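# Commentary on secondary and tertiary structure
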Amino acid sequence: MKSRIVIAAVSTLFAISALAAPAPWYKWRSKLDGKALCTQTYPGQGWEKVSGPYKDGRCETAGLPGEYPPRPLPPSK
């Protein structure tokens, strides 16, 4: 009985982790000197969020990671 509970718990954890997506990137600006930074986490006091979310670490491609544009339909015959 205990082994079934353990197997169910482990299976549930694997299923939940399969739904995880990468964190989005945001562009931040320093309040002190105005320098820009692109990061996934809050850099701390003294920084303000300028824009985002972005899909990449250069803060060039807007959107959330894991979101992809729909594929075009194949041409009909």
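Residues numbered from 1 in each chain as written. Predicted model: local features only at pLDDT ≥ 70, side-chain atom pairs only at ≥ 80, totals over all residues. Heavy atoms only, no water.

### Some details on a nonpolar patch on the surface
Short version of the rule: Each patch is built from residues lacking any salt bridge and having more than 30% relative accessible area; the joining distance is 9 Å for like charges and 5 Å for nonpolar side chains (Val, Leu, Ile, Met, Phe, Trp, Tyr). Here the open area of atoms and residues is found with the Shrake-Rupley method and a 1.4 Å probe, where only the protein chains shown may cover a residue. We count a salt bridge whenever a side-chain nitrogen from Lys or Arg sits within 4 Å of a carboxyl oxygen from Asp or Glu. Per the convention used, a helix needs a DSSP run of H or I reaching at least four residues, while a strand needs a run of E reaching at least two, with both numbered from the N terminus.
A cluster of nonpolar side chains, V6, V10 and F14, forms an exposed patch at the surface whose accessible area comes to about 290 Å². Tracing the backbone shows V6 in helix α1 (residues 2-18).

### Regarding the state of the cysteines
To be explicit about the condition: Two cysteine sulfurs form a disulfide in these notes if their separation is within 2.5 Å.
All told, the structure shown has 1 disulfide when counted by the stated rule. Across the disulfide, C38 is cross-linked to C59 (sulfur-sulfur distance 1.9 Å). The disulfide joining C38 to C59 has a torsion of about 85 degrees about its S-S bond and is therefore right-handed. In this pair, C38 sits in strand β2 (residues 36-39) while C59 sits in the segment after β3 (47-54), placing the two residues 21 residues apart along the sequence.

### Some remarks on the side chain of S30
Test applied: The rule is simple: take the accessible area with a 1.4 Å probe, protein chains only, and divide by the maximum for that residue type; under 20% is buried, over 50% is exposed, in between is partly exposed. Counted as a polar contact is a pair of N or O atoms within 3.5 Å, where, for protein atoms, one must be capable of donating a hydrogen and the other of accepting one, and residues adjacent in sequence contribute only when both atoms are in side chains.
Of note, S30 is situated in strand β1 (residues 25-30). Take S30: its relative accessible area is 10%, and that puts it in the buried class. A polar side-chain atom of S30 sits 3.1 Å from the main-chain amide nitrogen of L32.

### Side note on the packing of aromatic side chains
As a reminder of what qualifies: Only rings of Phe, Tyr and Trp enter the pairing, Trp through its six-membered ring, and a pair is recorded when the two centres are within 6.5 Å. The plane angle decides the type: under 30 degrees is stacked, over 60 is edge-to-face, the rest tilted. Charge-over-ring contacts are defined here by two conditions on Lys NZ or Arg CZ: a distance within 6 Å of the ring centre and an angle within 35 degrees of the ring normal.
This model, assessed by the stated rule, comprises 1 aromatic pair. Seen from the ring of Y26, K49 lies directly overhead, with NZ or CZ sitting 4.3 Å from the centre.

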